[in-house]
Amino acid sequence: MAEQATTSQGFATTFTAQQIKQLERQSRRENLGRSWYKFRRNTLSVVGLVAVLVIVLLAIFAPYVTPYPKHAGAFTDFAHAKIPPSLEHPFGTDQIGRDVLTRIIFGLRSSLLMAVVVLALVVPPGVLLGLLAGYFQGTWIDTVIMRITDIFLSVPPLILALAIASVLEPNLWNGMIAVSLMWWPWYTRLVYGLGITLRNEYFVTAAEATGASTWHILFREILPNTVSPILTKMSLDVAWVIIIGAMLSFVGLGVQAPEASLGTMVSDGAKYLPDQWWIAVFPALAIVVVVLGFNLLGDGVRDMFAAEEI
Amino acid sequence: MSMLNFLVRRIVYSVFVLLGLSIVIFIIARILPGNPARMAVGERAPQWVVDRITEQMHLNDPLPVQYYYWLRDAVQGDLGLSLVTQRPVWTDIKETFPASVELVALAGLLAAVGGIGLGTLSARYKDTWVDNVVRLFSYAGVVTPSFIFAIFFVLLFGWTLKWFPIIGRLSEGVAAPPLVTGLVTVDALLAGQFGTFLDALRHLVMPAVALAMGPIAQEARITRSSMADNMSKDYIAAERALGISEGTVMGRFLLKPSLIPTVSILGLDIASTFSIAFLVELIFNWPGLARYGMDSMMHKDLNSISAVILVLGAIFVTVNIVVDIIVAQLDPRIRLSAARSE
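Residues numbered from 1 in each chain as written. Chains lettered and ligands numbered in written order. Predicted model: local features only at pLDDT ≥ 70, side-chain atom pairs only at ≥ 80, totals over all residues.

S.K.: Would you take a moment to explain the overall build of chain A for this structure?
M.R.: Each helix and strand counted, chain A has 12 helices and two strands in total. For chain A, the succession of helices and strands along the chain, N to C, is β-β-α-α-α-α-α-α-α-α-α-α-α-α. Whereas a compact globule of 310 residues would reach a radius of gyration of roughly 19 Å, chain A reaches 24 Å, over 25% beyond that. Each principal axis of the C-alpha distribution contributes one length, and for chain A these read about 80 × 45 × 35 Å. In chain A, which comprises 310 residues, the share counted as buried stands at 46%. Of the contacts made within chain A by residues no fewer than 6 positions apart, 67% connect residues no fewer than 24 positions apart. (Helix = DSSP H or I, 4+ residues; strand = E, 2+ residues; numbered from the N terminus. Rg over C-alpha atoms; globule rule 2.2 N^0.38 Å. Buried ≥ 20, exposed ≤ 12 C-beta atoms within 10 Å, placed from the backbone. Contact = placed C-beta atoms within 7 Å.)

Given below as structure tokens:
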């Protein structure tokens, strides 16, 4: 089977299906190369990427890389409580004798888990609703979806997340549900904004004219053109979800003792300020480092997808 | 659309948004596992009391009917009794709200002055060390949550340097000024008690700065990039060519159009500060609305939780309207539209 295509010189030539596949693959590879170039052009993005990789690896292999893996849970050793930072305990020990460094590394796990689960729960419905509302702009579907979205966007996400988490049983999973219930409208609004422009593009009109199904138009025509803004938002949102997760556990509505989480460690440690400052300060710094890493990475992803600017 | 027309439409629309929010809150409060009547009277109350409360709270009626009763009371200012304080929720809110307003007002002022100031400085000295310092600070400010700033401030300025008190609104032994506005600083000035004013101000500084750090950083970033964008516009080059001094160009012709994105974000930031204050008020033991909301969440005090969220929602939509009006004033090209997402 042969198809008409145009070469870069502008001559019409005939390609076999296989050649077209190969050309597609080649251009995809070139695009990836260009994106990677845009990403690594900014040193800070690379720093962010490395930081995130280190954080993720530390979290995954926490039981093997931490000096005192037993200290992650319910462990008490009052003889070694409140030891200031030393060679054996680089970040000191907490009020019941657990190694702060170990607990920080284990605490990364719940932070990352929260980010992954929340985004996984939030992005599909948020994007789907945005696609529907955008494509059916001006109909009742648009009205219903976007007015509900407006309601959720009418309060800062933190309060409703706190409220939902507080009426449920306080634990990590309910914290995730609470944050997820608050987060989808941002994706709906993002995709809606893109969708109302894309629906008037020629490729959509062309698909409509050829009788393509709504499903095909939504997922094959419109969705692929919204992927980069969605990915950019997701990469920046990881940091926000981690912050909100830390806030939830800081007020006791997230991860429950004895499990380690950065927010809980800060709030528990704050009781021992200023004399045993290390119990709260190191987890607090850890939150800053994690958020900074994901933010730098997110900025890099944004640059990667950004249209070439001069 | 005329300003009046716009205002009316936006207000009507906001009322509907708030009604929607009240439905969401009502659903959250009612799907809660457990009997609200039992929770209201406590574990040891006899069954007949629970039954009577159930009757009073219309808990045997279908949900839409329950919502109708709840809304009818809420519109009349009756938000129910708080389980924790055993007082009408509305009284509690009126009492705690001024403390939060005082905090957020100072934080907002700092965010506006600091953010726009730093942003302008950064744009004026673009690509010099001044710019780099401001950008570094902005990055740190954006990525550090306010409760972490609060902890560091308590440790550094409260415990170590002892510059500022770390809890409450007034020092022990300092009598509160006669209640007029509820803002301790303003009341102290009205009563002519300058010492009390200074004491209240010293208590305000750390929580307000902790809350303002994020917004300052955010506003500085936005002001800088927006000024940098406008800097390369033809009209700025024309003004420079006419020999207008750099200060006048920056202050009069560049700043105003560059403030449009800053003002939009600043408004949202100030409104969100009320909710971020949840943690900061907790750390500084600040007797504000957020602290009250936090307490009611810890005690699953549904009436108070619902009321606090509604109040914060009302603040949020109001601020949104105000921001749109200010932005329209700054930029005559902007046409006002009734709904944000349209």
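S.K.: Got a minute to help me understand the interface of chain A and chain B in this structure?
M.R.: With 37 residues of chain A in contact, the opposing surface of chain B contributes 33 residues. Contributing elements (two or more residues each) for the side of chain A that touches chain B: α5 (140–153), α6 (157–167), α7 (172–198), α10 (227–250), α11 (262–270) and α12 (278–305) of chain A. Each residue belonging to the side of chain A that touches chain B can be placed in one class, and the counts come to 30 nonpolar, four polar and three charged. (Nonpolar A, V, L, I, M, F, W, Y, C, P; charged D, E, K, R; others polar.)

S.K.: Before we go on, may I ask you to explain helix α4 (residues 63–75) of chain B in this structure?
M.R.: One full turn of an α-helix is made of 3.6 residues, so residues set three or four places apart face in the same direction. The terminal C-alpha atoms of α4 of chain B, which comprises 13 residues, lie 18 Å apart, in line with the 18 Å expected from a rise of 1.5 Å per residue. Immediately downstream of α4 of chain B, the backbone of G77 of chain B shows phi near 85 degrees, a positive value. (Expected span 1.5 Å × (residues − 1).)

S.K.: Which parts of the structure should I look at to understand the environment of L236 of chain A?
M.R.: All names here are of chain A. Locating L236 in the fold gives a position in helix α10. With 16 C-beta atoms packed within 10 Å, L236 lands in the partly exposed category. Sequence spacing of L236 and Q22 is 214 residues, and the spatial spacing of their C-alpha atoms is 34 Å.

S.K.: What's the story with the confidence of the model for chain A in this structure? I'm lost.
M.R.: A low pLDDT means the predicted coordinates there should not be read in detail. Scored by pLDDT, chain A comes out at a mean of 86, with 95% of its residues at no less than 70. Summarising per-element confidence for chain A, the mean pLDDT is lowest in strand β1 (residues 2–6) of chain A (50) and highest in helix α4 (residues 100–135) of chain A (93). (pLDDT = per-residue confidence, 0-100.)

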